[in-house]
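Commentary on secondary and tertiary structure
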Amino acid sequence: MGLASAGKTTVFNALARAKVEVATFAAPGGEPHRAVVHVPDTRLDRLAALFKPKKVTPAEVRYVDVAGSLQTDGNAAQSAQIIGQLRNADALLMVVRTFASDVVPHPLGQVDPLRDLKMLHDELILADLTVVEKRLERLEKDLRFGKSGPSEAVHERDLLVQIKAALDTGRPIRDLGLSDADLKALRSYAFLTAKPLMVLFNTGDSDEGVEELIEQARALLPYAQTEVTALAGRLEMELAELEPTEAEEFKTALGIEELGLTRIIQLSYRLLQLISFLTVGPDECRAWTIRQGSTAVDAAGVIHTDLARGFIRAEVVDWEALLAAGGWTEAKRQGIVRSEGKSYVVRDGDVINILFSV
Ligand SMILES: Nc1nc2c(ncn2[C@@H]2O[C@H](COP(=O)(O)OP(=O)(O)OP(=O)(O)O)[C@@H](O)[C@H]2O)c(=O)[nH]1
Ligand SMILES: [Mg+2]
């Protein structure tokens with residue numbers, strides 16, 4: 001998401017290695033572009049080099065490029081449509097423009113990234129506030145006429161009053177440290193400020209002064225689950241469009257060690273509080289996605305429900321230790337493969353083999 005001509009589609013293309021057309025003038029809202037992006041993972045690459053499986057399956061993140069911008073052009077219908085699309089996301093990636101260009105006018109005249117950031121953030125707060133106020137009004141009415149089951153409705157009202165107070169001061173819901181139970185109760189509202197947020201400054205080809213800008217943005221939004229970073233969107237998009245060997249040559253020439261987009265994809269994954277565990281074998285080496293704090297039996301369930309149902313135990317070894325041992329049999333012989341029960345909390349980079357009965 002972002003203002004018009006901020007470079008949303010450019011960043012999307014870089015992340016997705018897609019070739020969606022970018023427009024010099026803000027295009028009217030339409031269907032959002034979608035892409036499934038593989039999460040770059042050197043652990044998986046190195047394990048695959050050892051196990052030489054028939055298939056390598058990385059973890060995935062889905063990105064959606066929401067067309068058009070929020071309120072700047074005063075088009076309320078379009079704003080509502082965009083807000084609706086944003087509500088479906090697990091996290092928001094806000095593209096804020098820092099590049100100047102004579103060819104691509106900024107919708108507000110001058111380039112001012114902090115102003116844009118503040119405006120977009122306020123817009124999200126306002127969207128949630130509108131929902132909260134509407135719901136509160138209803139709840140109060142129901143409570144007065146004794147319609148709703150009292151205790152649940154009272155709890156919901158108290159929760160919404162707390163949220164409203166925070167939003168009124170510009171504080172997003174994700175910063176309130178709400179309990180899992182409360183978050184679950186709120187899920188159907190799909191509050192925008194309850195979602196993790198990544199602010200991405202689209203820097204143009206020069207990233208001069210961007211470190212300071214990032215600091216200022218962090219001070220402006222000192223909230224939980226809020227990341228601020230930068231990407232040279234257009235450059236990354238152009239690199240992403242090249243053949244791999246050609247891209248390598250350019251990277252060397254420009255002194256780029258790692259593509260920024262690799263970092264952004266990995267950051268998206270972390271922002272969603274996801275980790276990967278790995279499975280290895282001659283058929284497939286694979287990175288599986290689970291929430292931080294998930295247990296071995298949760299991990300089994302991600303692979304297949306039968307594995308969770310018939311779970312006996314999990315054989316677990318850190319990916320690097322497995323690599324150093326040179327194979328699964330060797331690792332077992334060295335005694336570094338641990339046997340873990342259902343409630344073992346999985347760590348990022350664990351290689352896991354589930355033992356189960358059918
Ligand atoms: N000079 C310069 N132009 C850029 C940069 N990044 C994007 N652009 C240009 O800015 C224009 C808008 O980029 P888009 O990626 O289409 O922006 P958008 O946010 O998707 O725009 P809308 O979807 O129309 O709101 C395009 O012409 C891009 O080529 C940059 O880093 N420097
Ligand atoms: Mg676009």
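For the structure itself, look to the data block above.
Anyway, here's the lowdown on the structure attached to this text. Keep in mind the model is a prediction, meaning the values are calculated, not measured. (Residues numbered from 1 in each chain as written. Chains lettered and ligands numbered in written order. Predicted model: local features only at pLDDT ≥ 70, side-chain atom pairs only at ≥ 80, totals over all residues. Heavy atoms only, no water.)

1. Thoughts on the packing of aromatic side chains
The condition is simple: Each pair of aromatic rings taken from Phe, Tyr and Trp, with Trp reduced to its six-membered ring, is defined by centres within 6.5 Å and is described as stacked if the planes are under 30 degrees apart, edge-to-face if over 60, and tilted in the remaining cases. Put simply, DSSP H or I for four residues or longer makes a helix, DSSP E for two residues or longer makes a strand, and each gets a number counted from the N terminus. Here, over-ring charges are defined by two tests on the NZ atom of lysine or the CZ atom of arginine: distance to the ring centre within 6 Å, and angle to the ring normal within 35 degrees.
On inspection of all chains with the given rule, the structure shows two aromatic pairs. Between the aromatic rings of Phe277 and Trp288, the centroid separation amounts to 6.3 Å while the plane-to-plane angle is 10°, which identifies the pairing as stacked. Highlighted residues: Phe277 in strand S7 (residues 274–279) and Trp288 in strand S8 (residues 284–291), separated in sequence by 11 residues. The ring centre of Trp288 lies 3.8 Å from the NZ or CZ of Arg286, which sits over that ring.

2. Describing the environment of His38
Cut-off, in case you're wondering: Each residue is assigned to one of three classes by its accessible area relative to the maximum for its type, calculated with a 1.4 Å probe on protein chains only: buried under 20%, partly exposed between the two thresholds, exposed over 50%. Throughout, a residue-residue contact means that at least one pair of heavy atoms, one from each residue, lies within 4.5 Å.
Counting through the fold element by element, His38 comes out in strand S1 (residues 33–38). What makes His38 partly exposed here is its relative accessible area of 48%. Residues His38 and Glu211, spaced 173 residues apart in sequence, show a C-alpha to C-alpha distance of 28 Å. Residues in contact with His38, not counting those within four places in the same chain, are Pro58, Ala59, Glu60 and Ile265.

3. Quick word on the nonpolar core
Note the cut-off: Think of a nonpolar core as a cluster: buried Ala, Val, Leu, Ile, Met, Phe, Trp, Tyr and Cys residues, connected wherever their side-chain atoms sit within 4.5 Å. Here the limits of each domain have been adopted from an automatic or database domain assignment.
Within the largest apolar cluster, 44 residues are counted, with the highest numbers of intra-cluster contacts made by Leu15, Leu47, Tyr63, Leu322 and Val351. Of the residues forming this core, the biggest block, six residues, is contributed by helix H10 (residues 260–271). In terms of domain composition, this core takes at least three residues from each of domain 1 (8–39 + 61–231) and domain 2 (293–356). Not counting the four nearest positions on each side in its chain, Leu15 is found in contact with Val37, Tyr63, Leu93, Leu261, Ile264 and Ile265. Grouped together as the second largest cluster of nonpolar side chains are 25 residues, Ile82, Leu197, Val199 and Leu221 included.

4. Comments concerning the environment of Asn353
Looking at where Asn353 falls in the secondary structure, it is placed in strand S11 (residues 350–356). Since its relative accessible area comes to 30%, Asn353 is described here as partly exposed. When the C-alpha atoms of Asn353 and Glu315 are compared, they prove to be 5.0 Å apart, with 38 residues separating the residues in sequence. Once residues within four sequence positions are removed from consideration, Asn353 is found in contact with Arg313, Ala314, Glu315 and Trp328.

5. Some points on the pattern of salt bridges
The criterion, for reference: Should a side-chain nitrogen of Lys or Arg be within 4 Å of a carboxyl oxygen of Asp or Glu, the pair is scored as a salt bridge.
Enumeration over the complete set of coordinates arrives at 20 salt bridges. Residues Glu133 and Lys164 are paired through a salt bridge, measuring 3.5 Å at the closest nitrogen-oxygen approach. Of this pair, Glu133 sits in helix H4 (residues 113–144) while Lys164 is found in helix H5 (residues 150–168), placing the two residues 31 residues apart along the sequence. Judged by its relative accessible area of 23%, Lys164 is partly exposed. Three or more residues joined by partner-sharing salt bridges are found here, namely Asp41, Arg43 and Asp348.

These figures capture arrangement, not role.
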